[in-house]
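Spelled out from the first residue to the last, the chains are:
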Amino acid sequence: MRSFFSTFILCAIVGLLAFGGVYFWKKSQIDHHHEHLSAFEWFCEEFDVGPEERQKIEALHLAYFPECEDHCIHYADTKKTLAEIIEDPGLDQHPEHAKAAEQLAQLKKEADKEFIDFIYSVAGEMDPKSSERYLQRMKGWLEKTTEIVVE
Amino acid sequence: MKKETFDQHLEEATEQLRTNGGADDLGGFERGVWAEIALHDERWTTRVVQFFREGIPTLPMPAVAGSVAIAVAAGVLTGLFQAKAYGESVSESMEAQYVSSIHPVLRSESEDHRHDSSSD
């Protein structure tokens, strides 16, 4: 026989120990798994990319990266220029302001187009079920990039 | 003094006090009763402690074992559920990392604009 109070305390301690043990064990497994996982390896794992598909898709990624980098640097420079113009009160109504803003919007459109073309080319190498899931997930990021630009 | 004896004395003392009238001329017995009453602490903290010491029901061992087993099962399930949620959040951050490697706008948000040779 045990009192209700001591039973309650015992259950709480045992329950917390079980929770902590299981949670930290699983967490360490997850952390260990993701520790040395690159973004591309995550993509292959998440969308069940097989070894053959992987080679083709990796080649697509490697071919796309230089173009992506150039665009990225161009976009970052234009964004910096626009930020400098915005900070300068003397350039408030200046034509340079509108020009830089237009250029940034144009680069965003081009970046989105490049991104869409790329994800469709990648999806073309995947099996239908995975490609549909991949496209759906990636398209969700287009809205997020727009939010980032607005911010 | 046992509780039953105390209760009995209390009733007798109360009855005597009703018949006697004033509290100034209490006899030895009544004074003893009032001393016991004064010792009986009625503060809520003391009553709570007393409840846990004496008033709470006890559980048989099978019920205790069952409660512990349920607590373990609940702890394990909650741990698994929380670990799954953690895994999903890690996967989401990996997805963000992947997308930032293929979308110029997201890439420009990070300081590093270059991809490494191992497909990022």
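All values derive from a computational prediction rather than experimental measurement. Counting starts from 1 at the beginning of each chain's written sequence and moves along it residue by residue. The naming scheme follows written order: chains are lettered A onward, ligands numbered 1 onward. At least 70 in pLDDT is required for a residue's local features to be given in this predicted model, at least 80 for side-chain atom pairs to be given and counted, and no such filter applies to totals for whole chains, interfaces and linings, which use all residues. To get the side-chain values, all heavy atoms of the structure are used, and hydrogens and water are removed first.

Undergrad: Hey, could you go over the interface of chain B and chain A for me, with residue numbers and the actual values?
TA: Any two residues having at least one pair of non-hydrogen atoms within 4.5 Å are treated as being in contact. The partner chain A presents 54 residues to the 45 residues of chain B that form the contact. With both chains or domains summed, chain B and chain A bury close to 4500 Å², and 75% of this area falls on carbon and sulfur atoms. Note on definitions: salt bridges are taken to be side-chain nitrogens of Lys or Arg within 4 Å of carboxyl oxygens of Asp or Glu. At the junction of chain B and chain A, the tally comes to 1 salt bridge. Here a polar contact is recorded for every N or O atom pair within 3.5 Å, except that within protein the pair must consist of a potential hydrogen donor and a potential acceptor, and residues adjacent in sequence are included only if both atoms are side-chain atoms. If you look at where chain B meets chain A, you find 8 residue pairs in polar contact (both at pLDDT 80 or more). For the side of chain B that touches chain A, the secondary-structure elements that each account for two or more residues are strand S1 (58-59), helix H4 (61-102) and helix H5 (104-109) of chain B. Strands here mean DSSP runs of E at least two residues long; helices mean DSSP runs of H or I at least four residues long; both are numbered from the N terminus. Ranked by residues supplied to the side of chain B that touches chain A, first place goes to H4(B) with 25 residues. Once two parts are joined, some of their accessible surface, as seen by a 1.4 Å probe, is lost; buried area is that loss totalled over both.

Undergrad: Run through the packing of aromatic side chains, naming residues and quoting values.
TA: The geometry of an aromatic ring pair comes down to the distance between the two centres and the angle between the two planes. In this scheme Phe, Tyr and Trp rings, the latter by its six-membered ring, pair at centre separations within 6.5 Å, and the angle between planes marks the pair as stacked below 30 degrees, edge-to-face above 60, and tilted otherwise. A full pass over the atoms with the stated rule returns 11 aromatic pairs over all chains. Consider the rings of A:Tyr64 and A:Phe118, whose centres lie 4.1 Å apart with planes at 10°: the pair is stacked. A residue pair is termed long-range when its members are at least 10 positions apart, and A:Tyr64 in helix H3 (residues 51-87) and A:Phe118 in helix H4 (residues 95-123) qualify at 54 residues. The burial state of A:Tyr64 is the same as that of A:Phe118; both residues are buried. Three or more aromatic residues joined by ring pairs form one cluster here, namely A:Phe40, A:Trp42, A:Phe43, A:Phe47, A:Tyr134 and B:Tyr98. Here, a charge over a ring means that NZ of Lys or CZ of Arg falls within 6 Å of the ring centre while also lying within 35 degrees of the ring normal. It is A:Lys26 that lies over the ring of A:Trp25; its NZ or CZ is 5.5 Å from the centre. Buried means the residue's accessible area, taken with a 1.4 Å probe over protein chains only, is under 20% of the maximum for its type, while exposed means over 50%, and partly exposed covers the values in between.

Undergrad: With reference to specific residues and values, describe the packing of helix H2 (residues 39-46) of chain A against H3(A).
TA: All names here are of chain A. Remark: H2 packs on H3, axes separated minimally by 12 Å, with the N-to-C direction vectors making an angle of 140°. On the basis of the axis angle, H2 is oblique to H3. Between H2 and H3 lies a crossing of right-handed hand. Listed contacts from H3 to Phe40, Glu41, Phe43 and Cys44 of H2 are Arg54, Ile57, Glu58 and His61. The residue makeup of the contact of H2 with H3, split by class, is 4 nonpolar, 1 polar and 3 charged. Working convention: axes come from line fits to C-alpha atoms, limited for helices to the stretch in contact. Angles between N-to-C directions cover 0 to 180 degrees. Put simply, angles under 35 degrees are roughly parallel, angles over 145 are roughly antiparallel, angles from 65 to 115 are roughly perpendicular, and the rest are oblique. Two helices crossing with the near one rotated counterclockwise from the far one by less than a right angle form a left-handed crossing, whereas a clockwise rotation gives a right-handed crossing. Residue polarity follows a fixed list, in which Ala, Val, Leu, Ile, Met, Phe, Trp, Tyr, Cys and Pro are nonpolar, Asp, Glu, Lys and Arg are charged, and the others, Gly among them, are polar.

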